[in-house]
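Results of the structural survey
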Amino acid sequence: MKKLLSLFLALVLMCAMIPGAAASTIYTAKEMKVKHDFQTEGVDDGKGTATYVEVEGGYYISPWKYEVENVSLTVTYQGEDYKAKTEELKLDGLKDVKVSVFELNGKVEVSTESAPDEAKKIAKFKVDLENWTVIAMPKTEDLEMAVKFQYKDAKPTDANNVDAVPLDAAAQAQTEAPAGSVQLIQDFKDCKGVTDETKEIRTMLEPDENGVYFASRWDYKLAVKEGAAGIGPNIDCKVVYNGSNKKMKGEDIKPDANNCGTMYFFDQDGKLDVGEKIPEGAILLAECTMSLDGAIWFIPKSDKITTELEFNYDASETYDAKKNVEQVQNVKPGARVEVPATPKFSDVPADSPFSDAIDWAVAEGITNGTTATTFGPGSTCSISNIITFLWRANGKPGAVEGTSDRDSAAKWAVEQKLIAEDEDISAPCTRVMAVAYMWRVAGNPEAGSEISFTDVDKEADYAGAVAWAVDQKITAGTSETTFSPDKTCTRGQIATFLYRAANAVSASAEKAEASK
């Protein structure tokens, strides 16, 4: 339920806050050459087809309209050419291939494996083998690079081709993460209208207070694959260690009673492996629990590994960040504590109209009692109270260790323009303040109908908030004709507003799922 409330309250804010991956530097090549080589009898190779481009931060290169037979990749480093041809690589069953060029112990290598942490990275290519597009990323200065497309049965005509364009921020983030880091990859498959360089969205994750990296799927339907354990979600946990990598795959999980599977990455005699148990004498590198519902809990035990948590989606619509908010509830299935049947607070009897809402809010960590045995449902709710409740429901954005929730929430509320910087947050929260704060956090959504309260001017800046709150059944008028915007709210009322908002989101989500 907390997830649903977070979705409802933070639909716009969370998407805007998704951090870009902290990628290593991508340089501009000294010379970048794109060549189209036509393999038709009587046509000279490369006739009139070489293109030189200068763009900052890597290159996205596309072929012409003809059918591609092979792609050749060349890096000129310290006067020597280092080449790779896709026709010479083992590509059976692959949809894309990554080629790394790196220097290790004075020797330059071209490999489809990731560069070891201790190697000097020279360049990297990613080739989409279905659309034959290439992402070329120089990783050091003064390189010359070339990409050559070889075509079958084609003649050089004006194909209105785009040879090379700068990478956008998402594509630039496809460089290797530094040792010890954990990246979340959201990979959209067959998204209509989405270009190849924006399919893969990467985010550098931060651990929680217990050192656990948590990630879960977005709103899009997960792609599925068949594995050792049957049909399962196409999600992977890849660990890179000493230049090699191993994966834990969703389709290979043998689920437990909580629909999860746990595996361990370990070093045995200097080699990386993964299994359900740690062999005797092996060094534990990481622990990973994966849910078939689409969530991963990853716990590193070594700073020598690099990790990618990848979710592959079966998306049938254009990627739209506003439709995708990461799940933020780090709770393993079956691990949640049920709300006790007996009242927790002496001043909230079981038949209280606020009982369900208060039990829910406390269970979700949104608010606590005023003491260990009392909640104070009839106590006045201050501005500080409600913005703190909203901040917690929104995943505690910008929380800093050692800073109180009250201060962190106030800073967040000022940044989101919910309150003024000099506002007295100890003042009582009114009904119109409550719905206005919730409405703004939700992104100022439009209501399905107009209001008809005599004490709410239709031209007032909060009229939309009132209409939305009534439309969503978060609160109603104090009578058939009045809303009482200036009436002070109690703690029990605010908990109820938030509870109803969560239920509204749940109903909306179920309706949307049923309509698919």
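Whatever comes next refers back to the structure up there.
Everything numeric in this text was worked out from a predicted model, so none of it was measured.

What counts, and at which threshold
Residues numbered from 1 in each chain as written. Predicted model: local features only at pLDDT ≥ 70, side-chain atom pairs only at ≥ 80, totals over all residues. Heavy atoms only, no water. Salt bridge = Lys/Arg side-chain N within 4 Å of Asp/Glu carboxyl O. Helix = DSSP H or I, 4+ residues; strand = E, 2+ residues; numbered from the N terminus. Buried < 20%, exposed > 50% of the residue type's maximum accessible area, 1.4 Å probe, protein only. Axes fitted to C-alpha atoms, helices over the stretch in contact; angles between N-to-C directions. Parallel < 35°, antiparallel > 145°, perpendicular 65-115°, else oblique. Contact = heavy atoms within 4.5 Å. Nonpolar A, V, L, I, M, F, W, Y, C, P; charged D, E, K, R; others polar. Pairing = 2+ DSSP bridges. Phe/Tyr/Trp six-rings, centres within 6.5 Å; stacked < 30°, edge-to-face > 60°. Core = buried A, V, L, I, M, F, W, Y, C linked by side-chain atoms within 4.5 Å.

This part is about the pattern of salt bridges. Within the structure shown, the criterion is met by 6 salt bridges. Across the pair Glu 308 and Lys 238 runs a salt bridge, and its minimum N-O distance is 3.5 Å. On the criterion of sequence distance, the pair formed by Glu 308 in strand S23 (residues 306–314) and Lys 238 in strand S17 (residues 235–241) is long-range, its members being 70 residues apart. The exposure class assigned to Lys 238 is buried, which follows from its relative accessible area of 15%. Residue Lys 396 is joined to Asp 405 by a salt bridge in which the shortest nitrogen-to-oxygen separation is 3.9 Å. With a relative accessible area of 24%, Asp 405 lands in the partly exposed category.

Close contact between helix H4 (residues 383–393) and helix H5 (residues 405–415) brings their axes to 9 Å; oriented N to C, the two are set at 85 degrees. Judged by the inter-axis angle, H4 sits roughly perpendicular to H5. From H4, Ser 384, Ile 387, Thr 388, Leu 390, Trp 391 and Arg 392 reach across to H5, where they touch Asp 405, Arg 406, Ser 408, Ala 409, Ala 410, Trp 412 and Ala 413. Taken together, the residues of the contact of H4 with H5 break down into 7 nonpolar, 3 polar and 3 charged.

Across the 6 residues that make up strand S22 (residues 295–300), a large majority, 5, are buried. Direction of pairing for strand S14 (residues 213–216) relative to S22: antiparallel, over a ladder of 4 bridges. Bridging across to S22, Ser 216 finds its partner in Ala 295. Judged from the 6 bridges that link them, strand S21 (residues 283–291) and S22 form a sheet pairing that is antiparallel. What sits directly across from Ala 286, in S22, is Pro 300.

Position of Val 110 relative to the elements: it lies in strand S7 (residues 107–111). Residue Val 110 is classed as partly exposed on the basis of its relative accessible area, which comes to 34%.

We now examine the sheet that holds S21. What the 5 strands build is an open sheet, ordered S14-S22-S21-S19-S20; its pairing is antiparallel. In this open sheet, the two strands that pair with only one neighbour each are S14 and strand S20 (271–275). This sheet shows a mean twist of 15 degrees between the axes of neighbouring strands, independent of strand direction. In terms of strand pairing, strand S19 (residues 260–268) meets S20 through 5 bridges, oriented antiparallel. Within S20, the position partnered with Asp 267 by the bridge is Leu 272.

So, about the packing of aromatic side chains. Inspection of the entire model under this criterion finds 4 aromatic pairs. Judged by centre distance (5.4 Å) and plane angle (40 degrees), the ring pair of Phe 214 and Trp 297 falls under tilted. Taken together, the residues span a long stretch of sequence, with Phe 214 in strand S14 and Trp 297 in strand S22 at a distance of 83 residues. With respect to burial, Phe 214 and Trp 297 carry one shared label: buried. Taking the centre distance of 5.6 Å and the plane angle of 50 degrees together, the rings of Phe 345 and Phe 375 count as tilted. A residue pair is termed long-range when its members are at least 10 positions apart, and Phe 345 in the loop between S23 and helix H3 (355–363) and Phe 375 in the loop between H3 and H4 qualify at 30 residues.

Side chains that are nonpolar tend, in soluble globular proteins, to be buried together. With 52 residues, the main nonpolar core has Ile 386, Ile 387 and Ile 494 as its most contacted residues. Breaking this core down by element, the ones donating at least two residues are H3, H4, H5, helix H6 (431–441), helix H7 (463–471) and helix H8 (491–514). With 8 residues, the single largest contributor to this core is H6. Among the nonpolar cores identified, the runner-up in size contains 32 residues, and Ile 61, Val 101, Ala 123 and Tyr 151 belong to it.

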